[in-house]
Every structure is written in C-alpha cells, then in structure tokens.
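Read off the chains here:
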Amino acid sequence: MAMKSLKFLKPDDASWDVDKSDIDSSNNTPFVYNPCLSLSLEQQRLKLPVHRSRNEILYLLEKYQVLVIVGETGCGKSTQIPQYLLEAGWCEDGKMIGVTEPRRVAAVSLASRVAEEKGSLLGDTVGFTIRFDDCTDKETTRIKYMTEGILMMEMMEDPLLRNYAAIMLDEVHEQSQNVEILMGLMKKILKKNKNLRLLVSSATVDAEHVRDFFNLNVTKNEHADTSTILSIEGRLYPVDCFYVKDPVADYVKATVETVLKIHNAEPSGDILCFLTGQEEVDTAISLLQEHSKQSVKIFPLPMYGSLTNNEQMKVFRYCPKGLRKVVVATNIAETSITIPGIVYVIDCGYVKMRWFDASSFTDNLVVVPISQNAAVQRAGRAGRVRSGKVYRLYTEEDYARLPPHTVSEIRRCELSSAVIKLKALGIDNVVRFPFPSPPPAKNLLAGLELLHALGAVSDDAELTRPLGFRMAEFPLSTHETKCLLQGCDWGCSYEMAVMIACRQVESIFISPASGELSIRAKIKKREFEVAEGDLLTFFNVYSAYAATSDDNKKKWCHSNFVNHKSMKRVTQLINQIGSLLNKFDLKLTSCKGNLEMVCKCVVSGFFPNAAYLHYSGVYKTVRGVQDLSIHPSSVLYTLQQPQWVVFCETVYTKKLMMRELTVVKPEWLLEIAPHFYHKTYDR
DNA sequence: GAGCACTGC
C-alpha cells in the first residue's frame, strides 16, 4: 500500500509543526520563481516587461484618475509601479502609495523585495502592514504594502484616504469580498478626493468591466473618460489545448491515465493536475504511487491546504534525477502558489466552492464546474517555463457551455459582516451600494435580517448604539462578535475570547491521518472533551495550555497532540481581542467556571443556529426544514446525542453537517432570543 | 467518520 504512514516519524521531524498561515522570515515566499536571479537588482528591474511601459503609466496617471493594469503575474507590476510613482514625485508632500494584496505572504514578500531594490531597510521607505504586524514608519514610509482588510480598516478611520497619493489594488481578479467592497468605496472616494489616483491590477479578464465601473464620464466623448486600461505584455508561452472526445465517467481515474499517457508520449517537463479536494488528491496520488513502484519513472506529490508546511514545500524542491514530477493539487495551485517547471496541466473541470443559500441560511461546500476564466487560468500554469500543453478532461462543447466568469465570492457568501461594515461607513442603503458585481438582494437582506436578530440594527435598519457600532469594528463574524460583547455584559468575555480565537485558526488539534499515532491523538483529544460541546472543549484545551509554563508549552503541545503554532496564534488573537475591547472601555473578564453562563453567552450570538433532535434521529433547525447531523470532527459525535444544540457553521458535502457544537436548553432560546423564536413559530 | 482557497488596526 501507499506509504502515507506516519509510523516512522521521529519526534523532531519538522512535519510535526503543523503551521498554515504564520509568516516567519525563513518562510520568505518560496513561491515566486525568478529566472533572472544571477543578475544585479538593477539589471533585473530593467528586464521586467513592465519597464517598457514606465513612461506610459506615468503619463496615463496624469490624465486619468483610474488606471486598470492588465498583466500576468511576473511582469513586475506589483513591485515596479509603486517605485515609478515614488520616483516621479507623487509622494513629495509626504503622502504614501498604498498597495493591497489578497494574501499576507504577498504583502510581506513584495515589501521586502522592493525595500531591497531601493536599498533601504524594510519598514523605512518601504513597509508593510498586516494583522499583528505593522512594519511601517509614520514619518518615512512612502510605499506601503498591506492586506485588503487593513485598507478597509483605514477607510473607517479616514474615509477620504488623505494620507495616500495613490492606491493600487493588486490582483483584483481574485474577487474577494473585501475587494468588492473596497472597489465600491473607492468609487465614492475618488469623486470626493480628486487628487487621489487609483491603480487596479487584474489578470486579462474583466479589465473592461473594471474600467467602466470606475469611469465617471457620462458623455459619449471619450476625451472625458476618467479611467483607462493599459496592458503589459506577459511572460506566458503558448499553451496547446486538448479536450477529451467523450465525457469521462471518473475524472480521478482519467487524471491518472492521462498522467501515464503524457509520461509515455511527451518529452520531459513536470505535470500539474487539478482535482477538487483532499480525498480525490490522495486517491490519485496512491494510484500513481502504485505505478511508480512498477518502474514508471514518475514522482507523485500531493498539494492541498491542510498539508503541513513541510509537506507543501516538497513540490518546490527538485525531484529525484530521472523522474518526472507529478503534482496533484486542489485549487490552491490555481492562483495561490506557483510551482516552477510545470509544462503539462491536467484539468478535471471542477472546483469545490463555498456557496451560501439565503433561504436556508446555510453555507454549503459544493463541487461545481469551473468557469472558462478559471480554465484559462489553469491552462496558463503550463506556459510559464516554455510552451506547454493542457489536457482538459471535458469535451470542447462542454467548455463552450461553461459560465464565462467565476461567480464572485460576494455573490455566494453570507453577508452580515459586509453589511455591518458598510453601515458603519455611512452607507445606509446597502442594496444600492455600487458593488462591481452586486450580490443578490436577498443575500443582503438576509444579512440585514441576521443583524437585526442579533440586535445590531434597529427596526428601521439603523446601526444600534452602542452594540451595532461596536460590532462593526471587530474582525470576527457577527455571531462571534455578539457573543464577545454579550460576554462583557455577563462577565465571561474572557471565555468567549478564548473560544472565538480557537475558531480562527486552522485546527488546534493535530490529527495524524492514520496509524498508531492517530489513535493516540484521539485518546488525548478525548481527555479534553467536555459534555457541553466543542467550544467548551476548546476552552479546556487552552486553559491547560495557558497553565503550562512557557518553557514547557511546546513539549506539552507535542505530547497532547495540540498544535503549538495554532496555540501561539490563539494567544495573540486573545490579546488583540482584548485591546479592541479596551478601545470601548471594555475588558476581558472571566466568570471562573460558571458553565451555564458561558453556554448561554454562546447562545446569545449563535441562537439563529439552534437545532433539536427530531424523533427520526436527525437534527432539524427551528427555522429550516433540512435534516442536519453532527460532523465527525465534533466531540459530540461519539457521545449520546443531546436534545438541543447550537452550531457555529454547517458544511454540506454528502449531507448537511453541523460543526463546533454547544449543548443548550430550549428555554434559553426563548429567554435570550424571544423576538427571534416567536417570529419563527408564528410563520 | 471528515476538511476548496484566502483574510481581519
């Protein structure tokens, strides 16, 4: 069988450190491939495709308030354009150039790169700001890289962004919820602050849409346009496209067969396969490993988000000589990471996506066909080294029938936190807010309805004081924020902060996939379990961790199968929550073991997610009609099923499952949320 | 008996 076994893992093996989002200096973006590494920095700058457009960019920014830049990753736009603006004197009155990135790693690594090119220290002329890490200087920083959420927060402080000469929204084609809101807000800001310039960088797609969105010219006269497009020639080589003649029945099997076909018939070059989830990737990998044992000279590697850093790094290393590297990945390889050396791409044509259903108020994880844009993006992964080939496991007719664009996140997700932020920014009518791709009105209204139930907006849809205005400032879900603020009133804000912080990290437990270790991990986890459910189990784990002396924390985590890096981040998050509360003269206080109080406080934020055990043996929500079951990751999965629970989220794969449960009493629901449950019964 | 990908003064 496949060697997935962790049996031989030594305690000091690096793969113990399960770490996802933390950034450390030793992990300074292995993801960018630089073919000009041997040249001096200045020579490298001149070789970038964007260099030829330097003067044009500066000219267009004199003439237009908004410039849409189209260029593939690697053309140098994110590193060079801010420097051109600085060199051209845009920052002479002390203003900054702000660049937003969808990911923390990108913000940090771009800032370090540009600081190096400018020969300055990071945090001096060039800096970055991400959550928990502000590496800028109020006096000297002129170019500031940041994550999108940071700019959003700054807009709440200064709605006209007067500290900035220009803002560059980088990689907007990823269409995050934040970017949609940022673009809508920027449209308003640009009307009021005529000195501000906006650059929007996007992959080829949708550039016209973005330009037209920002164009304030209402006349037919093109000379009055306020926005325009500039294309920068990319570094992509042509990619030949192959389709299957007939639809495939099983795309995992077809992927494996296609790998073998390419390996036998095509010249050297690595292969990248796209599948939808971890299970599929693991299946494909073990099939490929069977072949590689039968002397097929391939080197299969999995790639997905929940692999440890160490396992992820393997795809960037050179593979054993004489073997062909075959990476089988989820969508993580579509935009988030770039694997060097890929010449062949196999595309199954599907993707797993979160989808919010406003009628049942559930978030579902569903497998859907990809869009034509995504298909092009996946194919492009084959053309970064030399001309490549893409094998699409669907017919050409199927391709033609795919939707042209991926439905943006804001049209698919729960919107209450977006709505409350807009309200706090003074946008009263959120349904009329200029989103570049407006979400369905019913999703916005569902968001409003939830905020109303939580007490954050009044009957006439105004933010309430103080609750609504306070809630808008927290980087947490609306349910969580409500629990936290209720906890301040009831004296259990510390317990709430701990449980909420634990929800923000990937997982606080380490769960080896198989073997003896996985059994030992389960036994250890059981020792922390409490009958009140998952959130209180989190609290239990954290309390034990916090009670351990600093010197022993790492060892303690190791022997208890708790993720040390997650716990460090949880501690950081609790501190941040504490200082955010301080802003409102609120404090973290503990109720010291009053379990009923803690559970009631959970109900105060999560009461819309209450479910009861139906006599048929499945759970049902009070408001909905679907059947729900307990997710196997829950501590309640193995215990006797409680009569009433509230859950933090649901996932739908084969059936609808509740995650992160708390056991409750039905009378609490009526006591804490009479407005909500009366209303539902009346219907 | 199960986990697309990101992010937050």
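Within each chain, residues carry numbers counting from 1 in the order of the written sequence. Labels follow written order: the first chain is A, the first ligand is 1, and so on. The model is predicted, so local features are restricted to residues of pLDDT at least 70 and side-chain atom pairs to those at 80 or more, both for listing and for counting; the totals for chains, interfaces and linings are taken over all residues. Derived side-chain values reflect all non-hydrogen atoms in the structure, with water molecules and hydrogen atoms excluded from consideration.

## Points about the sheet that holds strand S10 (residues 270–274)
Applied cut-off: Between any two strands, at least two bridges found by DSSP are needed for them to pair. Numbering of helices and strands runs from the N terminus, with a helix taken as a DSSP run of H or I at least four residues long and a strand as a DSSP run of E at least two residues long. To get an axis, fit a line to the C-alpha atoms, keeping to the stretch in contact for a helix; angles then go from 0 to 180 degrees between the N-to-C directions. By the convention used here, residues are in contact when the closest approach between their heavy atoms is within 4.5 Å.
Strand order in this open sheet of six strands is S9-S16-S13-S10-S12-S11, and the pairing throughout is parallel. The sheet is open, and its two borders are formed by strand S9 (239–243) and strand S11 (298–303), each paired with just one other strand. With direction set aside, neighbouring strand axes in the sheet form an average angle of 20°. Here four bridges tie strand S13 (residues 342–347) to strand S16 (residues 388–392), and the two strands are oriented parallel to one another. When the bridges of S16 are listed, Asp347 appears paired with Arg392. Of the strands in this sheet, S11 and strand S12 (324–329) touch helix H9 (residues 278–293), which is tilted by about 165° from S11.

## Re the side chain of Ser634
In plain terms, the rule: N or O atoms closer than or at 3.5 Å make up a polar contact, with two conditions inside protein: a donor-capable atom paired with an acceptor-capable one, and, for residues adjacent in sequence, both atoms drawn from side chains.
Counting through the fold element by element, Ser634 comes out in the loop between strand S19 (627–630) and strand S20 (644–652). Side chain to side chain, Ser634 and Asp534 meet in a polar contact 2.7 Å long. Side-chain polar atoms of Ser634 contact the backbone nitrogen of Leu636, separated by 3.0 Å. Not counting the four nearest positions on each side in its chain, Ser634 is found in contact with Asp534 and Leu661.

## Quick word on helix H22 (residues 595–606)
The following threshold applies: Multiplying 1.5 Å by the residue count of a helix minus one yields the expected span of that helix. Exposure classes here rest on a 1.4 Å probe applied to the protein chains alone. A residue is buried below 20% of its type maximum, exposed above 50%, and partly exposed in between.
In this model H22 runs 16 Å from its N-terminal to its C-terminal C-alpha over twelve residues, within 8% of the 16 Å that 1.5 Å per residue would give. Taken across its twelve residues, H22 has nine buried, putting it largely inside the fold. Looking at H22, one finds that the buried residues are Val598, Cys599, Lys600, Cys601, Val602, Val603, Ser604, Gly605 and Phe606.

## Examining the nonpolar core
This is how the line gets drawn: The nonpolar core is taken to be a set of buried Ala, Val, Leu, Ile, Met, Phe, Trp, Tyr and Cys residues, with the residues joined through side-chain atoms within 4.5 Å.
With 111 residues, the main nonpolar core has Met186, Phe214 and Met496 as its most contacted residues. Ranked by residues supplied to this core, first place goes to helix H6 (residues 177–192) with eight residues. Setting aside its immediate chain neighbours within four residues, Phe214 contacts Val66, Met183, Met186, Lys187, Leu190, Leu198, Val200, Thr226 and Ser227. Counting residues in each nonpolar core, the second largest holds 35 residues, with Leu86, Leu110, Val126 and Ile232 among its members.

## A few points about the packing of aromatic side chains
Convention followed: Aromatic contacts are taken between Phe, Tyr and Trp rings whose centres are within 6.5 Å, Trp giving its six-membered ring; a plane angle under 30 degrees counts as stacked, one over 60 as edge-to-face, and the others as tilted. Lysine and arginine charges are scored as sitting over a ring when NZ or CZ, respectively, is within 6 Å of the ring centre and within 35 degrees of the ring normal.
Counted under the stated rule, the structure contains 14 aromatic pairs. Between Tyr243 and Tyr394, the ring centres sit 6.4 Å apart and the planes meet at 65°, which makes this aromatic pair edge-to-face. In this pair, Tyr243 sits in strand S9 while Tyr394 sits in the loop between S16 and helix H12 (396–401), placing the two residues 151 residues apart along the sequence. Measuring from centroid to centroid gives 5.4 Å for Tyr251 and Tyr350, while their planes differ by 20°, and the two rings are stacked. Here Tyr251, found in helix H8 (residues 251–265), pairs with Tyr350, found in strand S14 (residues 350–357); they are 99 residues apart in sequence, far enough to count as distant. Here Tyr251 falls in the buried class, since its relative accessible area comes to 16%. One aromatic cluster is present, formed by Phe528, Tyr542, Tyr545 and Trp556 through successive ring pairs. Above the ring of Phe469, the side-chain terminus of Arg465 is found at 4.0 Å from the ring centroid.

## Some thoughts on the UniProt feature "domain: Helicase C-terminal" (unreviewed entry) in chain A
Note the cut-off: UniProt positions are given in the numbering used here, feature names are shortened, and annotations may be inferred rather than shown by experiment.
Sites flagged by UniProt as "domain: Helicase C-terminal" (unreviewed entry) map to residues 255–426. For the annotated span residues 255–426, helix accounts for 33% and strand for 26% of the residues, and the straight-line distance between the end C-alpha atoms is 51 Å.

## Observations regarding unusual backbone geometry
Of note, the amide linkage connecting Arg465 to Pro466 takes the cis form, showing an omega dihedral of 0°. Along the polypeptide, Pro466 turns up in the loop between helix H14 (441–454) and helix H15 (467–471). In this structure, Leu161 is a non-glycine residue whose phi angle is positive, near 50°. Its place among the elements puts Leu161 in the loop between helix H5 (148–157) and strand S6 (164–169).

## Structural notes on the sheet that holds strand S4 (residues 133–135)
Here eight strands make up an open sheet; going across it, the order is S4-S3-S5-S2-S6-S7-S1-S8 and the pairing mixed. Each edge of the open sheet carries a strand with a single partner, namely S4 and strand S8 (227–231). Recorded for the sheet is a direction-independent mean angle of 20° between the axes of neighbouring strands. One ladder, built from five bridges, connects strand S1 (residues 66–70) with S8; its direction is parallel. Within S8, the residue paired with Val66 across the bridge is Ser227. Against the sheet, helix H4 (residues 104–117) touches strand S2 (96–101), strand S3 (126–130) and strand S5 (143–147), its axis set at about 170° to S3. H6 rests against S1, S6 and strand S7 (197–202) of the sheet, and its axis sits at about 150° to S6.

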